[in-house]
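If you want the building blocks of each chain, they are given just below.
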Amino acid sequence: MTDSVEDTAGPAAAPDPHTAPETAPTTGTDGGYPAARRKLLQDDAPTGPDRRAALARLTDDWLVALLDGAVRTSGVHGAALVAVGGYGRGELSPRSDLDLLLLHDGRADTAAVAALADRLWYPVWDLGLHLDHSVRTPSEARKAARDDLKVQLGLLDARHLAGDPELTAGLRTSAYADWRESAPKRLPELHELCQERADRQGELQYLLEPDLKEARGGLRDATALRAVAASWLADAPRGGLEAARTRLLDTRDALHLVTGRATDRLSLQEQDQVAAALGLLDADTLLREVYESARTISYASDVTWREVGRVLRARSVKPLIRGLLQGRTAGKGERSPLAEGVVEHDGEAVLARTARPERDPVLALRAAAAAAQAGLPLSMHAVRRLASAARPLPVPWPAEAREQLVTLLGAGAHTVPVWESLEAEGLITQLLPDWERVRCRPQRNAVHTWTVDRHLVETAVRAAALTRRVHRPDLLLVAALLHDIGKGWPGDHSVAGETIARDVATRLGFDTRDVTVIATLVRHHLLLIETATRRDLDDPATVGAVADAVGNAGTLELLHALTEADALATGPAAWSTWRDGLVTDLVTRVAAQLAGEDVPDNRGADEPTAEEERLAIEAGRTGGPVLALHARSEAPADAEDTEPTADGQEPVGVELLIAVPDQPGVLAAAAGVLALHRLTVRAADLRVLDPIGQGPVLLLNWRVAAEYGSLPQAVLLRADLIRALDGSLDVPARLAERERAYARRSRAVLAPPPRVTVAPGSSRTATVIEVRAQDAHGLLHRIGRALEDAGVTVRSAHISTLGANAVDAFYVTDTKGDPLPTDRATAVARAVQTALE
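Residues numbered from 1 in each chain as written. Predicted model: local features only at pLDDT ≥ 70, side-chain atom pairs only at ≥ 80, totals over all residues. Heavy atoms only, no water.

## Comments concerning the overall build of the protein chain
1) Next: Helices and strands together make up the secondary structure of the protein chain, namely 31 helices and 15 strands.
2) Next: In the protein chain, which comprises 837 residues, the share counted as buried stands at 53%.
3) Next: Put simply, the protein chain shows about 36600 Å² of open surface, and 51% of that area lies on carbon and sulfur atoms. (Helix = DSSP H or I, 4+ residues; strand = E, 2+ residues; numbered from the N terminus. Buried < 20%, exposed > 50% of the residue type's maximum accessible area, 1.4 Å probe, protein only. Areas by Shrake-Rupley, 256 points an atom, 1.4 Å probe, with all protein chains shown as cover.)

## Observations regarding the pairing of strand β3 (residues 131-136)
1) Next: Strand direction decides the pairing type here: strand β2 (residues 98-104) and β3, joined by six bridges, are parallel. For Leu102, the partnering residue across the bridge sits in β3 and is Val135.
2) Next: For the handedness criterion, the β-α-β arrangement of β2, helix α4 (residues 110-126) and β3 is classed as right-handed. (Pairing = 2+ DSSP bridges. Right-handed = clockwise from strand over helix to strand, strands pointing away.)

## Here's the deal with the nonpolar core
1) Next: Counting residues in hydrophobic clusters, the biggest one holds 93 residues, and the most contacted among them are Leu378, Trp397, Trp419, Leu432 and Trp435.
2) Next: Top element by residues in this core is helix α13 (residues 363-374). It accounts for nine residues.
3) Next: When residues no more than four places from it in sequence are discounted, the contact partners of Leu432 are Trp397, Trp419, Leu481, Val504, Arg507 and Leu508. (Core = buried A, V, L, I, M, F, W, Y, C linked by side-chain atoms within 4.5 Å. Contact = heavy atoms within 4.5 Å.)

## As for the sheet that holds strand β6 (residues 342-345)
1) Next: Spatially, the three strands line up as an open sheet ordered β5-β6-β7, and their pairing is antiparallel. Looking at which strands have only one partner, the edges of the open sheet turn out to be β5 (336-339) and β7 (348-351). On average, each strand axis in the sheet is inclined to that of its neighbour by 40 degrees, with strand direction left out of account.
2) Next: In this sheet, β7 lies alongside β6 in antiparallel orientation, the contact comprising four bridges. The partner of His345 across the bridge, within β7, is Glu348. (Axes fitted to C-alpha atoms, helices over the stretch in contact; angles between N-to-C directions.)

## Re helix α27 (residues 666-676)
1) Next: Along α27, 11 of the 11 residues are buried, which leaves the element largely enclosed by surrounding structure.
2) Next: Listed in full, the buried residues belonging to α27 are Val666, Leu667, Ala668, Ala669, Ala670, Ala671, Gly672, Val673, Leu674, Ala675 and Leu676.
3) Next: Arg678 sits one or two residues past α27 and shows a positive phi near 55 degrees.

## Considering the environment of Thr304
1) Next: Looking at the element boundaries, Thr304 is found in helix α11 (residues 283-316).
2) Next: You can call Thr304 buried: its relative accessible area is 0%.
3) Next: As for Thr304 and Leu225, which are separated by 79 residues in sequence, their C-alpha atoms are 7.5 Å apart.
4) Next: The contact partners of Thr304, leaving out residues within four places of it in the chain, are Leu225, Val228, Ala234, Asp235, Ala236 and Pro237.

## With respect to the pattern of salt bridges
1) Next: Evaluation of the coordinates by the stated rule reveals 50 salt bridges.
2) Next: Across the salt bridge formed by Asp253 and Arg52, the nearest N and O atoms sit 2.7 Å from each other. Remark: Arg52 occurs in helix α2 (residues 48-74) and Asp253 occurs in helix α9 (residues 241-259); sequence separation between them is 201 residues.
3) Next: The class of Arg52 is buried, set by a relative accessible area of 3%. (Salt bridge = Lys/Arg side-chain N within 4 Å of Asp/Glu carboxyl O.)

## Describing the packing of helix α23 (residues 540-550) against helix α25 (residues 577-594)
1) Next: Contact pair α23 / α25: the axes reach a minimum separation of 9 Å and the direction vectors enclose 70 degrees. Comparing the axis directions of α23 and α25 gives the class roughly perpendicular. Counted together, Val543, Gly544, Val546 and Ala547 of α23 and Leu586, Arg589, Val590, Gln593 and Leu594 of α25 form the full contact between these two elements.
2) Next: Residues that form the contact of α23 with α25 fall into these classes: six nonpolar, two polar and one charged. (Parallel < 35°, antiparallel > 145°, perpendicular 65-115°, else oblique. Nonpolar A, V, L, I, M, F, W, Y, C, P; charged D, E, K, R; others polar.)

## Some details on unusual backbone geometry
1) Next: Across the junction of Val395 and Pro396, the peptide omega takes the value 0 degrees, indicating a cis bond.
2) Next: Its place among the elements puts Pro396 in the loop between α14 (380-389) and α15 (399-409).
3) Next: Unusually for a residue other than glycine, Cys440 sits at a positive phi of about 60 degrees.
4) Next: Along the chain, Cys440 turns up in the loop between α17 (427-431) and α18 (452-464).

## Concerning α11
1) Next: With 34 residues, α11 ought to run about 50 Å at 1.5 Å a step, and its terminal C-alpha atoms sit 48 Å apart, in line with that.
2) Next: Taking the backbone nitrogen of Asp284 as reference, a side-chain oxygen 3.3 Å away marks Asp282 as the first, capping residue of α11. (Expected span 1.5 Å × (residues − 1). Polar contact = N/O pair within 3.5 Å; in protein donor to acceptor, adjacent residues only side chain to side chain.)

## What to know about the packing of aromatic side chains
1) Next: In the structure shown here, the tally under the stated rule is four aromatic pairs.
2) Next: Residues Tyr33 and Trp62 carry aromatic rings whose centres are separated by 4.3 Å and whose planes lie at 0 degrees to one another, so their mutual orientation is stacked. Taken as a pair, Tyr33 in helix α1 (residues 32-42) and Trp62 in helix α2 lie far apart in primary sequence, 29 residues in all.
3) Next: Against the face of Tyr87 rests Arg159, its NZ or CZ located 5.3 Å from the ring centre.
4) Next: Sitting over the ring of Trp450, Arg454 keeps its end group 4.2 Å from the ring centre. (Phe/Tyr/Trp six-rings, centres within 6.5 Å; stacked < 30°, edge-to-face > 60°. Lys NZ or Arg CZ within 6 Å of the ring centre and 35° of its normal.)

## Describing the sheet that holds β3
1) Next: Taken together, the four strands give an open sheet; going across it, the order is β3-β2-β1-β4, and neighbouring strands pair in mixed fashion. Of all strands in the sheet, those with a lone pairing partner are β3 and β4 (159-163), marking the two edges. Each neighbouring strand pair of the sheet contributes to a mean axis angle of 25 degrees, computed without reference to strand direction.
2) Next: Taken strand by strand, α2 contacts β1 (79-83), β2 and β4, and its axis lies near 35 degrees from that of β4.

## Considering the pairing of β5
1) Next: Bridging between β5 and β6 involves three bridges; their strand directions are antiparallel. Each residue of the ladder has a partner; that of Ser336, found in β6, is Glu344.

## Describing the packing of α15 against helix α16 (residues 415-424)
1) Next: Two elements in contact, α15 and α16, have axes separated by 9 Å at closest approach and are oriented at 125 degrees. Taken as axis vectors, α15 and α16 run oblique relative to one another. Packed against α15, whose contacting residues are Leu405, Leu408 and Leu409, the element α16 presents Thr415, Val418, Trp419 and Leu422 at the interface.
2) Next: Of the residues that constitute the contact of α15 with α16, the class distribution is six nonpolar, one polar and no charged.

## Let's talk about the environment of Ala573
1) Next: Mapped onto the secondary structure, Ala573 falls in the loop between α24 (553-570) and α25.
2) Next: Classification of Ala573 by relative accessible area gives partly exposed; the value is 28%.
3) Next: The sequence separation of Ala573 and Thr449 amounts to 124 residues, and the corresponding C-alpha distance is 10.0 Å.

## Overview of the environment of Val342
1) Next: Along the chain, Val342 falls in strand β6.
2) Next: Note on Val342: relative accessible area 1%, which makes it buried.
3) Next: Spatially, the C-alpha atoms of Val342 and Ala355 are 7.5 Å apart, while their sequence positions differ by 13 residues.
4) Next: Once residues lying within four places of it in the same chain are set aside, the contact partners of Val342 are Pro337, Ala349, Val350, Ala352, Leu363, Arg366, Ala367 and Ala370.

## Examining the side chain of His781
1) Next: The residue His781 is located in helix α30 (residues 779-789) in this model.
2) Next: Among the polar contacts made by the side chain of His781, one reaches the main-chain carbonyl oxygen of Ala668 at a distance of 2.7 Å.
3) Next: Discounting chain neighbours no more than four positions away, the residues touching His781 are Ala668, Ala669, Ala671, Gly672, Val731, Pro732 and Leu735.

## Concerning the confidence of the model for the protein chain
1) Next: Overall, the predicted model of the protein chain reaches an average pLDDT of 85, with 87% of residues at or above 70.
2) Next: Within the protein chain, the element-level pLDDT minimum falls on helix α12 (residues 319-329), averaging 50, and the maximum on helix α21 (residues 512-523), averaging 97.
3) Next: In this model, residues 327-332 is a region of pLDDT below 50 whose contacts with residues beyond four sequence positions or in other chains number three contacts. (pLDDT = per-residue confidence, 0-100.)

See the structure below:
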């Protein structure tokens, strides 16, 4: 497809060979245009803009010859062949459509013009090239443009190819005149089209499989900026814009050649090949360049559309009133002070006339903080002046600079556009040099919504809403900004991040004690969520390990808020009322231990609920499994006071309680039955009860969701579980059959291999086996069988599914109830790993 703002016509339908003109020109495949085109696309040089231009020139020459022959054959004169869209701009990607307009003066009869068009279009179709075409007189073209914005935009790139040049020149002149005259009405329509496209396709700079053309910040937006400039109402900032557009075009060229298709979507499986074709190191380097280009185009779009709105608002004022206002304020302009050296002017934060950035090193942060606090965009001209003239801050930063940074981070959602303005002109990396390693860095994890740098800013935005919960909001906000800063370095990002955060906090001017707190928060920013969802909170070692890592109640308070902000900023799958409850319970227990108090048991794990006790008693009495199935639709507890997480619902559809007399293979059998009934396990807990003193009963508390369709009936689940336990239902065979059928219907998912480890020191009474793997049909069943085959007892299990990733922890003992020796624990982990591979 071409990269016109919108295509001037839909792709042509395949022609009927029975209606093809007998005298249509033919083009041999052993030479001429096809051979030259093939050679151009196969050679290593030229590439990039040179190749696109060469391909356009080659196609021009071919089409000129076609039109000359067709005119001689048909006898139609007063016609011109016009290229529009990307082809009109002389940019032709390997698999781009040919956007062509056959323009005629209307003097020839309709049949003759149709015959002329056929003699042009059929040779194009014969070569298998995609074609967008139309046949119009100049007046018809202008009318079509008035009726359809897409047609009008396509005509702005009209370029004469062959025939009567005066027809093309006249159309171009009228098209530009019509566009400039109608711009006050059409530009808002164009802006709406851009916004609708962004809503459908998302933001290119954050997508793992972006559409290079349609997504926000893509090629269509770049072309829309050309249309705005052609209106003479506003112009886009030029810095880096053409280079960004060229990088996206080069990437699309490589994508076309790698796939052999006219596609604009940069799929995961093609990214390594595209990177190699462009001479880049790897797919991450490719995505980072694509993201940087998209960010440049997105920022230019924001600035341009803001300027368009300002101009149109000014034009909407009645001339008389505008004249009176101009007479009253001539030469002055209304400016409202925001901060020292910063004023509001015409809906933007700008520098005051007396501001001297070359003498005021804090001005950039002060202007950004003032803009964000006022909910205003920071003027592009102000940012550029600050970037070029501002003095570097002394190290350590003065107190005012640190305070202004915290103020900027605490502004909530208004922080994001201001931060992006600073980023666009390189001010962020001037202030925080370590930022360069995370800038535009992709996160190849479906749970994450943003790139690393944007996730850090989003975490600060979320943390701003939690500052009333902590005694040191400044430390919370800075830690939120830095918590993933180590992702730009090899190894564990929390460990690397601790060192970087310590250096950055020192440079910002925090004292030694505060630096230690920030570094601790960064080092342990995953501690609470991982412990709460993967460890047994009733094990004293669990609470003790967290208390030792955190050190004091103040840091625990900050870490609790950071954990929530981080999860909320990650994506919808990362936080829920269930996870919130687990983390809060853990924090309560740790706080009690730090205060020297008895650790509370908020979950009541040793005291089963009335329903759990009833089920356990019934299972012990009958000697068989007992089930209870409950639908869950749990909104956040504070839904009235805060924004809902994700869609405002607990991301589990059903709570399933299963009580079974203790026997081998319960976990594997139950997990297998759930998989057979297409129930996805979101979370699970397993523990042992002895409600009536007649022997242990396993209580499994599952949180599950149906993959599709309605939920199964509890009676059917119970019947299959009985069969699975007595061996009459071959669960492994049924699951293998299901997996083979699934594999035939779906593409293979490229995922890292599973990882099974022993978590040392996590419990004094059991050995903790931790499994991290891609969530899949029957995964928990395979783990359960492997543990059973290893001859260990699963004392408790904590199952957590986060997006496409499963992170499960199993507390296992030997048959005597003791933790496993180190060598046996390692062997069990290895056996589970082998079973999953």
